[in-house]
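Coordinate inspection notes
Spelled out, the chains give:
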Amino acid sequence: MSYKNRKPGYSKFIMIFVAIKVLLNALAISRFGFHRDEFLHLVLADHLDWGYKEVPPFIAMLAKITLSVFGDSVFAARIFSTIASGLIVWLTGRIAVELGGRRFAITLACLALIFSPAFAASGYLFQPVVFDQLWWVLTVWLFCKYLNTADVRYLYWLGAAVGFGMLTKYSMAFFTFSLIIGILISKERKLLFNRHVIISALIAVLIFLPNIIWQFVHHLPVITHMKQLQATQLDFVKPMDFVIQQLLINGPSLFIWLTGFAFLMLSFKLRRFRYLAIAYVLIFLFLLKMNGKTYYLFGAYPMLFAAGGFAFEKMITRSKLILRVATIVLFVLPNLLLLPLVLPIFSLDRTVSLFKYAHEHVRFLDFAVTWEDQKQHPTTQDYADMLGWEEMAQKAAQTYHSLTPEQQKHAQIFADNYGEAGALHHFHKKYNMPDVVSLNSSFALWAPDNLDAKYIIYVDDDDNVTARLAPLLESYKQTGEVLTPLAREKGTRIYLLVNPSPKLNEVYKAELAKKRLE
């Protein structure tokens, strides 16, 4: 078998590509500012638990380590994401080796991954997405190792990977089931019928069990969260849009993973790994049916890149060096031109100019600036979600410090959404103001029982103050507004509410009780 004939030294060779990925991330991770989701995940470090309304607990543990060891800067927050991105590249190279690939296969697979717009965009932010991808790729590598060696230790490690994957993002369950069904359909099904597979499954369940218990204790908030996603975001995702975006997200590297998929399905040499292609089809169809977001499927592409690298290595022999170089140039290097659109390696002004140029001359790239509302904007949603937060916190702090010391003793700060609340929490010590109260997302889990201050600094991204709260207040005035031009929060207003009636606290307590039951 080819497994026995592999030359040593590929580990050092793959490290070249890991270094490239880490370097690219290092150029970008300090730019623009915190993403709204990063604020939420960093807040979780101060409220460690076995679960939260929108995510399992793994990201909270990483946030705690980050803040304790590296500090609270943007750079510090993205260190673990960069490490995870490097590991994904490493594992992609190792999967290519397990499939029988050598240096060209590794090179093509790793470069396709590094410069893919999908992985460039998702591989530097402190979000569960990149860690979810890591567990998917690790699971594939471990099963490939088990298939090639019959060493049951890889099964045990696979169980641990699935367990920690479930503690990172629940999509791990869908991918795991797709892999299992793919194996059962393939001729390798006999590998699943032994006691070691049961032990592996028990390891996964034991690791994930605390979160299962937490979910039941808290009335299964994951179900409520999925319903809210379906109502507010996923309903905007049309099936054909999902299909088209899967064809666009990797740029010209599309031809690498498509070739890899075809080889897995049809090639005699990769017949033992056909279950990977079957698993991709199953998870693709599931997410298509569920109106899943485009990035939900990202974790399945590294294995296809690895298979694609192997396929091109077999089709283009060593004697055709020029053709191998041309393949890399044709299918990988054009993504370099797309890199600034998804990875903030340039200043904001220069990046916006690039988006404008792309819109005028390369219209098919408009998908990059198409947000969840399916409308086109001047920049990507991720970039817009990194802007305006400290301005908002400064203006909230100015309002708080405009009060007398006695008034400050009876003041609270309230925010409408988790991005605003996360930013105010992150900057509250820097600007010497009270911690924030919010009922959005997981903030409801640790919100105080009462909102009964005489002075409330209210951060409002809607018309709640004028439309709902005004009759319950002695007076109110707008004290600030987010003016950062490209910020998604542009227009968010800061109000000072004075002497709210007891009725406001009753409304707050009723909504808090409802949120805690969701």
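For the structure given in this document, a descriptive report is provided here.

Calculation notes
Residues numbered from 1 in each chain as written. Predicted model: local features only at pLDDT ≥ 70, side-chain atom pairs only at ≥ 80, totals over all residues. Heavy atoms only, no water. Helix = DSSP H or I, 4+ residues; strand = E, 2+ residues; numbered from the N terminus. Rg over C-alpha atoms; globule rule 2.2 N^0.38 Å. Buried < 20%, exposed > 50% of the residue type's maximum accessible area, 1.4 Å probe, protein only. Contact = heavy atoms within 4.5 Å. Areas by Shrake-Rupley, 256 points an atom, 1.4 Å probe, with all protein chains shown as cover. Lys, Arg positive; Asp, Glu negative; His and termini not counted. Charge placed at Lys NZ, Arg CZ, Asp CG, Glu CD. Patch = residues over 30% accessible without salt bridge, like charges linked within 9 Å, V, L, I, M, F, W, Y side chains within 5 Å. Salt bridge = Lys/Arg side-chain N within 4 Å of Asp/Glu carboxyl O. Axes fitted to C-alpha atoms, helices over the stretch in contact; angles between N-to-C directions. Parallel < 35°, antiparallel > 145°, perpendicular 65-115°, else oblique. Nonpolar A, V, L, I, M, F, W, Y, C, P; charged D, E, K, R; others polar. Phe/Tyr/Trp six-rings, centres within 6.5 Å; stacked < 30°, edge-to-face > 60°. Expected span 1.5 Å × (residues − 1). Polar contact = N/O pair within 3.5 Å; in protein donor to acceptor, adjacent residues only side chain to side chain. Disulfide = S-S within 2.5 Å.

1. Some details on the overall build of the protein
- Check the secondary structure of the protein and you find 25 helices and five strands.
- A globule of 518 residues ought to have a C-alpha radius of gyration of about 24 Å, and the protein, at 25 Å, matches this closely.
- Scored against the burial criterion, the 518 residues of the protein give a buried share of 57%.
- In the protein, once contacts between residues fewer than 6 apart in sequence are set aside, the share between residues at least 24 apart is 76%.
- Carbon and sulfur atoms form 65% of the exposed surface of the protein, whose accessible area is close to 22,500 Å².
- Taking the average place of the 51 positive charges on the side chains of the protein and the average place of its 38 negative ones, the gap between the two points comes to 16 Å.

2. Details of the side chain of Thr168
- Within the element layout of this structure, Thr168 appears in the loop between helix H9 (153–166) and helix H10 (171–185).
- Assessed through its relative accessible area of 2%, Thr168 is described here as buried.
- Setting aside anything within four residues of it in sequence, one finds Thr168 in contact with Pro56, Phe58, Pro128, Phe131, Asp132 and Trp135.

3. Quick look at the environment of Phe364
- Of note, Phe364 is situated in the loop between helix H19 (348–361) and helix H20 (381–384).
- By relative accessible area, which is 54% here, Phe364 ends up exposed.

4. So, a nonpolar patch on the surface
- Together, Phe177, Ile180, Ile181, Leu184, Ile185 and Phe193 make up a nonpolar patch on the protein surface, roughly 600 Å² of accessible area in all.
- Mapped onto the elements of the fold, Leu184 is located in helix H10.
- The partly exposed category is assigned to Leu184, whose relative accessible area is 37%.

5. Some points on the packing of helix H6 (residues 103–115) against helix H17 (residues 321–331)
- Running from N to C, H6 and H17 point in directions that differ by 10°, and their axes come no closer than 10 Å. In this view, H6 runs roughly parallel relative to H17, as classed from their interaxial angle. Here Phe104, Thr107, Leu108 and Leu111 of H6 come into contact with H17, specifically with Arg324, Thr327 and Ile328.
- Looking at the contact of H6 with H17 residue by residue, the classes come out as four nonpolar, two polar and one charged.

6. Let's talk about the packing of aromatic side chains
- Under the counting rule described, the total for this entry stands at 32 aromatic pairs.
- Ring geometry for Phe143 against Tyr275: centres 5.4 Å apart, planes inclined by 75°, an arrangement best described as edge-to-face. Of this pair, Phe143 sits in helix H8 (residues 128–149) while Tyr275 sits in helix H15 (residues 274–289); the two residues are 132 residues apart in sequence, bridging distant segments of the chain. Like Tyr275, Phe143 is buried.
- An aromatic cluster of three or more residues is present, and its members are Phe242, Trp257, Phe261, Tyr280, Phe284 and Tyr301.

7. A few points about unusual backbone geometry
- For Phe32, which is not glycine, the phi torsion reads 70° and is therefore positive.
- Mapped onto the elements, Phe32 comes out in the loop between helix H1 (10–28) and helix H2 (36–43).
- A residue is classified by how much of its surface remains accessible, and Phe32, at 21% relative accessible area, is partly exposed.
- Backbone geometry places Asn499, a non-glycine residue, at a positive phi of 45°.
- Of note, Asn499 is situated in strand S5 (residues 493–500).
- Residue Asn499 is classed as partly exposed on the basis of its relative accessible area of 29%.

8. Looking at H10
- Given a rise of 1.5 Å per residue, 15 residues ought to cover 21 Å, and the 21 Å separating the end C-alpha atoms of H10 matches this to within 8%.
- Along H10, the residues that are buried comprise Ser171, Met172, Ala173, Phe175, Thr176, Ser178, Leu179, Gly182 and Ile183.
- Here the buried face of H10 lies against H8, H9, H15 and helix H16 (301–315).

9. Description of the side chain of Asp416
- Along the chain, the position of Asp416 falls in the loop between strand S1 (411–415) and helix H23 (418–427).
- Of the side chains with opposite charge, Arg468 comes closest to the buried, unpaired Asp416, at an N-O distance of 6.4 Å.
- A distance of 3.4 Å separates the side chain of Asp416 from the backbone nitrogen of Asp461, its partner in a polar contact.
- Discounting residues that sit within four places of it in the chain, Asp416 has contacts with Ser438, Asn440, Tyr458, Val459, Asp460, Asp461, Asp462 and Asn464.

10. A closer look at the pattern of salt bridges
- Counted by the stated rule, this structure contains twelve salt bridges.
- Between Lys395 and Glu391 there is a salt bridge, and its shortest N-O distance comes to 2.7 Å. Within this pair, Lys395 and its partner Glu391 are both found in helix H21 (residues 389–401), separated by four residues, close to a single helical turn.
- By relative accessible area, which is 18% here, Lys395 ends up buried.
- The salt bridge involving Asp449 is made with Arg516; its shortest N-O contact spans 3.4 Å. Of the two residues, Asp449 sits in the loop between strand S2 (436–437) and strand S3 (455–460) while Arg516 sits in helix H25 (residues 502–517), which places them 67 residues apart along the sequence.
- Because the salt bridges share partners, they merge into one network encompassing Arg36, Asp385, Arg488 and Glu489.

11. Considering the state of the cysteines
- Under the criterion given, the structure shown has zero disulfides.
- Cys144 supplies the cysteine sulfur nearest to Cys110, a cysteine that is in no disulfide, at a spacing of 14 Å.
- With a relative accessible area of 0%, Cys144 lands in the buried category.

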